[in-house]
Structure formats: C-alpha cells, structure tokens
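These are the residues of each chain, in order.
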Amino acid sequence: MNLSTRSPGSAGSGISPIWVVAAGLAIIFGGLLIGSFAPAILPPQASAESRQIDALFRFMLAIGGSIFLLVQGMLVYSVIRFRAKPGDASDGAPIHGNTTLEFVWTIIPAIIVTVLALYSVSVWNSTHSIKPNEQTVGAVGARYAWTFNYQLDARALPSGVTLDQLEPNIRAAVENGGLTLSSTQLHTWVNQPVAVSMNTQDVNHAFWIPGMRVKQDLLAGRTTEIRFTPIEAGVYRIVCAELCGSGHGNMAGSVDVNGNLVGAWLIVHESEDAFRSEFFDPLARAALFPPEDPVERGRQILASGVYPCASCHVVDDLGWNGAVGPNLNNVGSRAATRVAGESAEEYLRISIRMPGAYLVPGYNNLMPQFNAEPGQPNYMPDDDLDAIIAYLLTLKTS
Amino acid sequence: MATISVPLIGGRAVEGKRFGISDILRWTVDHKVIGIQYMLTASFFFIVGGALAMLIRWELLTPTLDIMADGQQYNQLFSIHGTVMIFLWIVPMMAGFGNYLLPLMLGAKDMAFPWLNAFAFWLIPPAGILMLMGWFVGQAEAGWTSYPPLSTLYSLDGQTLWAMSLHLLGLSSILGAVNFIVTIKNMRPVGMGYFQMPLFVWAILATSIIILMATPFLAGALTLLILDRVVGTQFFNPAQGGDVLLWQNVFWFYSHPAVYIMVLPAFGILSEVLSVHARKPIFGYRAIALSSLAIALVGFTVWAHHMFTSLTPELRIPFMITSMIIAVPTGIKVFSWLGTLFMGKIRFTSAMLFGLGFLSMFVIGGISGVMLASVPYNIHVHDTYFVVSHLHFVLYGGSVFGIYAGLYHWFPKISGRMLDERLGRLHFIVTYISFFFTFFPQHILGMSGMPRRVAVYAPEYQSLNVVVSIASFILGISTFILIWNVIVSLRAGKRASANPWRALTLEWATSSPPPVTNFIGDPVPYRNPYGYGSESANAYLNALESAYGPSEHPSPDAPKAIKPAPAAGD
C-alpha cells in the first residue's frame, strides 16, 4: 500500500498553524461552555452525592462537548472545503494513513478515559461508602407502591411518653426489638446520612430519587442497600425505575388536584426536631396508643401505608385515587350482594386473604395475597384485617 | 506489489437477472435472492416496529393514559417494538447486506453453504409471525430485556412465544455467521489476502465471530426462561432457590455484544460509502479493520454495565473500566473516517449524505456511551430516557443511517436501477432533522428525572415529550419517502451501469444486477480496494467503464466521451 507520510493537517491543505491553534482554543472553550449547561439540565442539587456526581457530569460534558465540536467541526470543514466542484471528476489525494496521527488519536482518547475512570472511581468510593450515624430505614417495593418502615424502640419514644404509660403487650414489643412504623413516604432531615435497606414483595423494582442522584434495584430474593445524605430541606419525588408491570409508571410520587403529595416522596425536614414533631412522634403515638375503636384503628392502618392498597384503589376518605383495582367507596353495600349467602364482612375477608377467589368484573387478578402467618410474604395479622374490614364497611359514596 | 492494474479488459456486460415477486417468495439457494429476501422481510418488520413506536409516542403526548386501555397494553407495545427492531429489523437487515454483498466482494459465485444460507433465512418469517402471534394469547410485556420474575411468574403466554421466536432467530443468526466465516476464510480470490479485503467484509467477519460466541448464551438464557415458564423449573425464582441475577448476567452476556452485531456491519458500510464517495483511500485501513476485532473482543467483557444498579457494588468498577476502554477503538474508527474525508473530493450523493449523517449522529451516541460507563453518573440516569436516547443514537443514528447509506449505495447493483437522488436528498434532510429532535431531547428528559418504560409521567415533562412525539411522527413519515423512492425507481428509475460510483471493490466489476453466477469467469480484484487517486486505479475504473458502460461521474479521460449524467433519474 502506498503509505504516505504527509500530514494532512499541515501539508497540502494549506492551513496555517494560527488557525489550528484558534480552532483548538474554540473547541476547548466551546466544550467548557457546553459543560456549563449541566446545572440547567439536572434537578437541583439536594444531596451531598449530587454535588460530586454533578461535578463529574459537568467535567464529562465539557470533554464530550469538546470532542463533539472537534468531530462536527472537522466534518463540516471537510464537507465545505473538500466538496467536489461541479464537473470535477478527479479523485482525492491518495493518502492511506499517517502513523503519527493514528498514534495520537489512539493515545489521547486512552488518556481521557483513564482520567475519567480515575475521577469516577474516586466519586464512587466517596458516594457509596458507609457514613457514621446513619438513619436506617427499611423500604419495601410492591406492585405498585412503596412502603417505608421505621424502627420504634425504647430510646426513640416521643417526648413525654414513658414505658410505664404503655399497655403491657405494646411495652413488651417496644422493649423486645421495637415496633415497626410504616409510611408511604420516606422522612429524614437535613444533613442526616440515610441508609435504606430494601426488599421487594414481588418483581424487581428500582428505587430512584432524581434529586439525590441515587438509584438501586430491588431484587427478588435479595436485600439491597442505598445511601445518601440530603443537604436541602424539601420534598423529592421517589420513582420506580425498573419495569415492574402494568402500573410501573404509577409507582412514583405524584401530586393530586388539590396540590397534596400522593404516594412515594422523600420529605427532608429542616432538623431532627422537625422530623420528630412533624412526622415521627405522631406516628409513634398512634402506634403506642392504638385507638380502641376498630373502625378508627382500621383507618389508621390503611392511612399509614403499611399495606400498599393506595396505589390501586380509590378511597375518597383517605385521598386514594389508584386506578388499577376496584373503587372502594361504598364497598360495604356492594360486597353484601356479591356472593349469595355470604355477608359483606366474609366477602371482604376472602377478597383480601385470597384475591383471586372473586374478581370484580372488568378487573384482573393483580392484587397480592395478604397472608395470616408471620414469616409469609405480605403478612397481615388477623387483628389488622378485622380493623381494616370494620373501617371498609363504613365507607360511603362521596 | 501486484502489477495487475487493468485485469478486466475484455470483460463484458451481460444481462443480469432481475428478480420478480415470484423469485422472492420461493425457496432458492442464490445468495443474491436470499439477500433480497432478508432485506424485504426485515423492512416489513421495520414498518411493524415503527408503527409500534408511533403508538408509543402518541400515548406519551400527555402525562396520563390516553389511547391505551392500561399500562399493560403500553408495556406490550415497547416490549415488541424493541424486540422487533433489534431481532427482526437490524440484525436480519445486516445479514441481508452480508448475504448479497459478501460473495460479490470476494469474487465468488455463492456462499460456502448455499442450502444452509437459505435455511437460515427461512427461519425468520415463522419466528416473526410467532412473535406477533403473542397478541392473541397475551403479548410479552416485560420489555425486550424480559427480566424475571416479571417475565416468568407475572407474564402471559405471549412471553413464551417471544422466547421461542428469539430461539429461532438466534439459530438463524448462528447459521448465518458460520456461513460468513467459512466463506471469508475459504473463498477469497487469488490476490486477496485478509488485508486486501473490503472493510465491509472485515466488519462481517468480526460480527460473525461475535454472533458465534455470544448467541449460544442467549439460547441458554431463553431455554431456562422457557423451562421456568412451561415446565415448572425454578431457575429464576428466588423463593425456590433460583436467582434473578442469573438471567441478567447471561442475557447481557449476549445482548451487549449484540450491540456490536448491529453496529459493526454499519461501520463496514460506512467505510465503503465514505471512501467511494469522497474519492479517497480509506484512512488507516488496518486500524479500522483491527479495531473491529478489538471491539469484538473487549465487547465480551463489558456486559455488566447494563446492571450497574443491580450488580454487587464491588463489581461495578471493573466493568466501568472495560466499558471505557472500548471507547478507544471506536474513537480510532471515527477519526479514521474523518481522515478519509479530509482532502477528498466529496460527492453529495444520498448514500454519502447518510454516511455523513451517521458519522455526526453516532458521535453523540459514543459520547453519551462513555458518560454512561461512569458508574456514579450511570446510577442517576440508569433506566431513564437518557439511556433510550443513547441507544437510539447508536442504533438509529448509527445502524439505521448505515443501512440507509448502504441502500442508496448498493441499490443500483441490486436492482439495476438508480434511486432518485432528489428524493434521496429529501429523505435525508427530513430524516436527519426529525431524528435529532426525536432523540436528543430525551437526554434531558432522562437527566431531569423521567424513567423509561412508563405510560404515565410527571406533568413537568410534557412539553419536551410533545416535541419528541411530533418529531417522531415526522421521522416515521420520512421512511415513506424512501419506500416511495424504491417503488418509483424500480419501475422507471434510470438504468444503472455496472459501476455507477466508480468503486474499486469487486461487486462493481460485474453487471447490475449481476448474472446468476455473479461473474463471467474468475474476476481479479484490484490490488487495493481503496486505491483511489492513483493512475492504475483510474485505468482500472476506465477499463470497467469501457466494458460495462459509463458511471454516474465518468472520468474525463475515460475512453469514450460521455454526456454528464443528471443527478436524478430519467
């Protein structure tokens, strides 16, 4: 082969070195300019991780922008400068390659990716490491809702509450490992490192908070973890990012017509005191002093989000507007007529313990089965079920 | 250095065989007919997949469910859109180019195993029907990646048909690859060593090696999936001791290399098109040829970057490093193509326009690919529209633009007619602009928080989604400009000479379309398939013109004075 040693950048094309330098500077500054758009595209930085990750992205965008300008610039230049003039049927210069040039454009990208890799490793090591004094929260993903579990033990009792005030069985539970408080929302406070330990009840999901820049899949049969440290008070949408079925798109925080937050949101309070007074203590009091009235208790259980009913059902009293399953307003009167010889109470009990037993026409068998035995998936104690049914039977059409 | 400069003086034009509908529909072992059969079948599924994409974009015009009854119906749309576009459009389309061109480029009369070649093709139509039949039994809804347990315990019977269909397509792919490798190894003409092969042949060789090594893993994963769904095994059911990551690992061990199966042949097409239409030798032939092999090799070590949010955290960094390394051989190719254009005599044929469009759009996919390789950033945009954008820049901006460039470039050879260049330019302009506005805004959607595979989304993302959807409708319509062009050109297009582009590779050294035996006698290849700009190449091309008729841009010193050819068909 006719390997020419001429450099196409200098000889033949008649480009002066000044233009080459000017183009190089334009490409570098153009890349920096493109990089400066990064904050406008990404959500506001609300976690310690987001600062580092955004800086990394901005760096990559600047380099990527420079490469983009270099390639497109070369392309446009060649297209204009080396287009065949009308009537010119001759061929281009017989240049087959240039070893120096090929060496350069192998080495420079290699150096760039090495730098990117080192930078990425350092960001990764610092963002996913275990932090001191983490708030640990459990997360459970189920089609199509999130539940967050907080531990309530003797050290975390609300102010003014002592163990002596508690009923014996609740006191025993608090002393032996603690109660689990549940919410559809994840609450924490500014500058508090959070570690979320996650399980799924069915298929794989992915836990993503765009504002925090963190994401981790929930894997069937495994427990996975995710860590972040919020630095700005506010509310941040939690999103499911792994396809989980029909309601995948609904498995995210949303805002209803009245402007209320519905479903999965991260709420970052101003301080630990605010976290306790606005969220944790009321939830803890409700669990420590359960109402005697089963209807009230049933409402409390469903409102807490410990069972993921809200994502699929409509209950006006609780502000639920799920569209996947049957509407539960006034369910008591309908349930009484559904199966001959079966009371509304029995019908609802079977429908929750064995959702496939009776299907409301027009709806698929999508509901998880809620089991009576501890240790089974979707455990729902009989006490809870009784209270929930008592509450459901009181629902009216609004 | 070889001294044969004008090997074909004395060659003569013969009336090549034009293929009618009846030829296309019947069993034949002629690689040219099989190539056309591949292309037509793939094009049919391109329209099917495109129609599904239009429905997806229509649904996404608003943040709520509109035209779909529920999320499940929507999930079925994009699951089949992705599967069809990958396995029934790009992969078989590239196999079509390979089948048609490879024996011609090697001066051979057919593939090494003609019967096997036909068999590999005829697996595709039933596989495609099987996949579409899923709609009658509850279509697959777990995405083209079909992660268990969604695809095992929670999906309808269409998922089983989906897996069986992919089994057939994988088998077809493997048989085709064996055929390509054996053909390239054994049927090169005298005087053509490996480093005198056209770069498209190199690309098909690298692709075939990947197919042969990777596709059996897809078959393995699919077999386990079918067993879990049908026989009651529990490979992917953790409640019974199975593991959901087993699927992800084995699936991506095939499906990442599959990206190169789809894009390396397009690289090959691009190398041919850029060199011929820039009238300049390819810059750094060996670097381009060997970087394909490097990509093929390193491509087997990067699969878990698709699992950065599910993989054990300790394993993420090694896969980041291998994924970044692969940017180097890809960069070599891009710069070599730019070097090919530099100081050329660029002719803005439709083929060249799509080649240039490929280069400029693929670069964006390459840059976002390196960003995605970086673990901390990937974590944020994983499974978002950023990834959707990236993969379409690679597979549409790369593979599909490559296919378009190849179609404009080789259509005269295949059909004996020129495509209309005015329609071709219109097709390019509309496609290029609408492509950019369909996919570029998706980067921003993903980064700002929109996950992929959702039918409903937060209202703040609507305005960009409307832009994307409208652009995508234009993109969809632009395809029909090409289809119209093909139809009118087949009926009344300008007759193509043997070598309308004055190209040096062997497929142009026979009449258009070629006779059944491809060549009269044994052709002798010009010593360098990219030797443009030399006097001997010019003499060779002039000799071809005198034997077979004038090109579209005849040389001024050609034997006979020929009137300047109009750009458009007559």
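Just so you know, these numbers come straight off a predicted model, no measurement behind them. (Residues numbered from 1 in each chain as written. Chains lettered and ligands numbered in written order. Predicted model: local features only at pLDDT ≥ 70, side-chain atom pairs only at ≥ 80, totals over all residues. Heavy atoms only, no water.)

### Description of the overall build of chain B
Applicable threshold: Elements are defined by DSSP. Helices are runs of H or I of four residues or more, strands are runs of E of two residues or more, and each kind is numbered from the N terminus. Buried means the residue's accessible area, taken with a 1.4 Å probe over protein chains only, is under 20% of the maximum for its type, while exposed means over 50%, and partly exposed covers the values in between. Contacts are residue-level and defined by heavy atoms, with any inter-residue pair within 4.5 Å sufficient. Charge counting follows a simple rule: Lys and Arg are positive, Asp and Glu are negative, and His as well as the terminal groups are ignored. Charge positions come from single atoms, namely NZ of Lys, CZ of Arg, CG of Asp or CD of Glu.
Tallying secondary structure elements over chain B gives 17 helices and zero strands in all. Expressed along its principal axes, the backbone C-alpha trace of chain B runs to roughly 75 × 45 × 45 Å. Classification of the 570 residues of chain B by burial places 68% in the buried group. A separation threshold of at least 6 residues defines the contact pool for chain B, and within that pool the share at least 24 residues apart is 80%. Taken together, the 30 basic and 24 acidic charged side chains of chain B have centroids lying 12 Å from each other.

### So, the domain arrangement of chain A
Residues and elements named next belong to chain A. Where we set the bar: Domain extents, as shown, originate in an automatic or database domain assignment. By definition, the buried area sums, over both parts, the 1.4 Å-probe accessible area that each loses when the two are put together. Within this document, salt bridges are pairs made up of a side-chain nitrogen of Lys or Arg and a carboxyl oxygen of Asp or Glu, the two lying within 4 Å of each other.
By domain assignment, chain A separates into domain 1 (17-78 + 97-127), domain 2 (135-289) and domain 3 (308-392). Contacts between the two partners involve 13 residues from domain 1, matched on the other side by 11 residues from domain 2. Note on domain 1 versus domain 2: buried area summed over both sides is about 880 Å², and carbon and sulfur give 56% of it. Of all residues in domain 1, Ala46, Ser47 and Glu49 give up the largest surface area on contact with domain 2, accounting jointly for 48% of the area buried on that side. Run the count over domain 1 and domain 2 and you get one salt bridge.

### Section: the state of the cysteines
Residues and elements named next belong to chain A. Applied cut-off: Cysteine sulfurs are considered disulfide-paired once they come within 2.5 Å of each other.
Per the counting criterion, the structure on display carries zero disulfides over all chains. Left unpaired, Cys244 is separated from the closest cysteine sulfur, that of Cys240, by 4.0 Å. Of all cysteine sulfurs, the one in Cys309 lies closest to Cys312, which takes part in no disulfide; the gap is 8.6 Å.

### Some remarks on unusual backbone geometry
The amide bond that connects Pro148 of chain B to the next residue, Pro149 of chain B, takes the cis arrangement and shows omega of 0°. With respect to the element layout, Pro149 of chain B can be found in the loop between helix H5 (124-137) and helix H6 (158-186). The residue after Ser512 of chain B, namely Pro513 of chain B, is reached through a cis peptide bond having omega -10°. Mapped onto the secondary structure, Pro513 of chain B falls in the loop between helix H16 (462-492) and helix H17 (535-548). The backbone of Asn133 of chain A sits at a positive phi, close to 55°, despite the residue not being glycine. Note on placement: Asn133 of chain A falls in the loop between helix H4 (99-127) and strand E1 (135-142). Here Asn133 of chain A falls in the exposed class, since its relative accessible area comes to 69%. Although it is not a glycine, Asn518 of chain B adopts a positive phi angle of roughly 75°. The class for Asn518 of chain B is buried, based on a relative accessible area of 0%.

### Here's the deal with the nonpolar core
Note the threshold: Throughout this description, the term nonpolar core refers to a set of buried Ala, Val, Leu, Ile, Met, Phe, Trp, Tyr and Cys residues connected via side-chain atoms within 4.5 Å.
Judged by nonpolar contacts, the single largest core of 266 residues is most densely connected at Leu186 and Phe207 of chain A together with Phe97 and Trp162 of chain B. When residues of this core are assigned to domains, at least three fall in each of domain 1 (17-78 + 97-127) and domain 2 (135-289) of chain A. If you look at the next biggest cluster of nonpolar residues, it comprises 23 residues, including Trp320, Met380, Leu385 and Ile388 of chain A.

### A few points about the packing of aromatic side chains
All names here are of chain B. What counts is decided by this rule: What counts as a ring pair is set by centres within 6.5 Å for rings of Phe, Tyr and Trp (its six-membered ring), and what kind of pair is set by the plane angle: stacked under 30 degrees, edge-to-face over 60, tilted for all other angles. Note on geometry: a ring has a charge over it if NZ (lysine) or CZ (arginine) is within 6 Å of the ring centre and within 35 degrees of the ring normal.
Tallied over the full model, the rule gives 60 aromatic pairs over all chains. Directly above the ring of Tyr194 sits Arg188, whose terminal nitrogen or CZ lies 3.9 Å from the centroid. Across from the ring centre of Phe195, 4.0 Å away, lies the NZ or CZ of Arg286, which sits over that ring.

### Observations concerning the interface of chain A and chain B
How big an interface is tends to be stated in terms of the accessible area lost upon association of its parts. The following threshold applies: Whenever two N or O atoms come within 3.5 Å, that pair is a polar contact, provided that in protein one can donate a hydrogen and the other can accept it, and provided that, for residues adjacent in sequence, both atoms are side-chain atoms. Residue polarity follows a fixed list, in which Ala, Val, Leu, Ile, Met, Phe, Trp, Tyr, Cys and Pro are nonpolar, Asp, Glu, Lys and Arg are charged, and the others, Gly among them, are polar.
Contacts between chain A and chain B engage 82 residues on the former and 90 residues on the latter. Summed over both partners, the interface of chain A with chain B comes to about 7,300 Å²; 69% of that surface belongs to carbon and sulfur atoms. The interface formed by chain A and chain B contains four salt bridges. Of the charged contacts, one joins Asp91 of chain A and Arg279 of chain B as a salt bridge, the two residues approaching to 2.9 Å between their closest N and O atoms. Inspection of the region where chain A meets chain B yields 24 residue pairs in polar contact (both at pLDDT 80 or more). Among the secondary structure elements, those contributing two or more residues to the side of chain A that touches chain B are helix H3 (48-81), H4, strand E7 (214-218) and strand E10 (239-240) of chain A. Among the elements that take part in the side of chain A that touches chain B, H3 of chain A stands out by supplying 16 residues, more than any other. A class-by-class count of the residues in the side of chain A that touches chain B yields 47 nonpolar, 23 polar and 12 charged.

### Here's the deal with the pairing of strand E3 (residues 179-183) of chain A
All names here are of chain A. Here is the rule: Should DSSP find at least two bridges between two strands, the strands are regarded as paired.
The buried fraction of E3 is high, at four of five residues. Summarising the sheet, strand E2 (residues 145-152) and E3 pair through five bridges and their orientation is antiparallel. Bridge pairing links Leu152 to Leu179 in E3.

### Section: the side chain of Glu59 of chain B
Residues and elements named next belong to chain B. Position of Glu59 among the secondary structure elements: in helix H2 (residues 31-59). No salt bridge is formed by the buried Glu59. Its closest oppositely charged neighbour is Arg57, at 10 Å. At a separation of 3.1 Å, a polar atom in the side chain of Glu59 contacts the main-chain amide nitrogen of Ile67. Ignoring any residue separated from it by four or fewer positions in sequence, one finds Glu59 in contact with Thr64, Leu65, Asp66, Ile67, Met68, Tyr74 and Ala455.

### Topic: the confidence of the model for chain B
Residue and element names in this part refer to chain B. Threshold: Think of pLDDT as the predictor's per-residue confidence, scored from 0 to 100.
Across chain B, the average pLDDT comes to 92, with 94% of residues at or above 70. In this model, residues 1-10 is a region of pLDDT below 50 whose contacts with residues beyond four sequence positions or in other chains number 16 contacts. Note on residues 560-570: pLDDT is under 50 here. Beyond four places in sequence and across chains, it has 16 contacts.

### A word on the sheet that holds E7 of chain A
All names here are of chain A. One open sheet accounts for three strands, arranged E7-E6-E10; its pairing is antiparallel. Looking along the sheet, the strands with just one partner apiece sit at the ends: E7 and E10. Of the strand pairs in this sheet, strand E6 (residues 205-209) and E7 are connected by five bridges, and their pairing is antiparallel. Across the sheet, Trp208 pairs through a bridge with Lys215, a residue of E7.

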